[in-house]
Amino acid sequence: MPFPTITPTVPALVRSCAARFGDKPFLVACGDELTYADLDRRSTDLAVTLLSAGVGKGDHVGILMPNSIEWAVAWFAVTRIGAVAVPLNTFYKASELAWTTRHADLRVILAWSKFRNQDFVGLLEEALPGLAEQNNTEQIFLRSAPYLRTITIWGDCDRPWCASMSDGRSTAIDTDFLVGVESCVTPADDALIIYTSGSTGNPKAPVHSQGAVIRHTYNLTAHYGVTGDTVMFTAMPFFWVGGLITGLLAVVHHGATLITQPAFGAAEALELIERHRATITLGWPQQGKTLAEHPDFGRRDLSSVQ
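Residues numbered from 1 in each chain as written. Predicted model: local features only at pLDDT ≥ 70, side-chain atom pairs only at ≥ 80, totals over all residues. Heavy atoms only, no water.

A. The arrangement of helix H2 (residues 36-52) in detail. Between its terminal C-alpha atoms H2 stretches 24 Å, which fits the 24 Å expected from 17 residues at 1.5 Å a residue. Among the 17 residues in H2, 13 count as buried, and that is most of the element. Looking one or two residues beyond H2, the residue adopting positive phi is Gly54, at roughly 95°. (Helix = DSSP H or I, 4+ residues; strand = E, 2+ residues; numbered from the N terminus. Expected span 1.5 Å × (residues − 1). Buried < 20%, exposed > 50% of the residue type's maximum accessible area, 1.4 Å probe, protein only.)

B. Summary view of the environment of Gly56. Position of Gly56 among the secondary structure elements: in the loop between H2 and strand S3 (60-64). Classification of Gly56 as buried rests on a relative accessible area of 17%. In contact with Gly56, not counting residues within four places along its chain, are Ile81, Gly82 and Ala83. (Contact = heavy atoms within 4.5 Å.)

C. Geometry of the pattern of salt bridges. The full count for this structure, using the stated rule, is 13 salt bridges. Of the charged contacts, one joins Asp40 and Arg80 as a salt bridge, the two residues approaching to 3.2 Å between their closest N and O atoms. A residue pair is termed long-range when its members are at least 10 positions apart, and Asp40 in helix H2 and Arg80 in helix H3 (residues 69-80) qualify at 40 residues. What makes Asp40 buried here is its relative accessible area of 17%. Judged by its relative accessible area of 0%, Arg80 falls in the buried class. Among the salt bridges present, the one from Asp296 reaches Arg299, with a minimum N-O distance of 2.5 Å. On the accessibility criterion, Asp296 (17% relative accessible area) is buried. (Salt bridge = Lys/Arg side-chain N within 4 Å of Asp/Glu carboxyl O.)

D. The packing of helix H1 (residues 10-21) against H3, seen in detail. Relative orientation of the contacting elements H1 and H3 amounts to 125°, with a least axis distance of 8 Å. Taken as axis vectors, H1 and H3 run oblique relative to one another. Counting all contacts with H1, which are made through Val10, Pro11, Val14 and Arg15, the residues of H3 involved are Trp75, Phe76, Thr79 and Arg80. In terms of residue class, the contact of H1 with H3 is made up of five nonpolar, one polar and two charged. (Axes fitted to C-alpha atoms, helices over the stretch in contact; angles between N-to-C directions. Parallel < 35°, antiparallel > 145°, perpendicular 65-115°, else oblique. Nonpolar A, V, L, I, M, F, W, Y, C, P; charged D, E, K, R; others polar.)

E. The sheet that holds strand S1 (residues 25-29), seen in detail. Taken in spatial order, the five strands line up as S2-S1-S13-S12-S14 in an open sheet, and their pairing is mixed. Because the sheet does not close on itself, it has two edges, and the strands there are strand S2 (32-35) and strand S14 (280-282). Going across the sheet, the axis of each strand differs from the next one's by a mean of 20°, ignoring polarity. Pairing of strand S12 (residues 231-234) with S14, which is carried by three bridges, proceeds in the parallel orientation. What sits directly across from Thr234, in S14, is Leu282. (Pairing = 2+ DSSP bridges.)

Structure follows, in structure tokens:
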């Protein structure tokens, strides 16, 4: 399966996929659907907003959200302008988030306000001493995270430090400028830092280039047999290499569809697999065992799974 004749960078991939696959569904999450055309449009809007805020090539941007359409839009927006995406573990304790924010030299954090019993706004204030006292949405200055300048929250947030930066179009920069920025992104540029778990020591921070991410995720499609007709289900988190590299970024090359959950739940997973006629399911062995042992397993039509 020869590699497509595009430059192996995220901006080239996004534009190519939008042109080739248009209104085909790319991602289904939380009852919402994101098409390939939507992915291009919404990540363009957020990319332009990031550029207007001074974010550029090489800047490190943290993403603190569960699996969602917003997560995907944020990742593609960050990487298509040459910035470096740093997925943040939604299970982090305050000390872990503080360590990663400082170690990664994060300039921007894009976050949900909360998810289930996790209050990300409160977590950020606990992790970053002095944040609660900041009252400038444009510039944050913290000794505990000296590179951090902006935190944006999707969802309700009444904190004065919360910047207004969603995936809505900014008027400060037009899309022609974005095209110029994207033309400066090369396969050798850094695109992604995925932190390891750090179960026996401090986490490690492998850096992945634009070219490596695009080429490797394309090569994975041959291993998994991904085609344009593929519908993949996974609840593995996007902040981890399994959910991002083998899930979200593997389907995009062929116009396939990814079905996901913000958190794994066996009953809903079985319903989603049946409803969307998933052809590939991706997860940990324990998740497979949990699905097989669930009372609904025998009652669901899972014949689509190859």
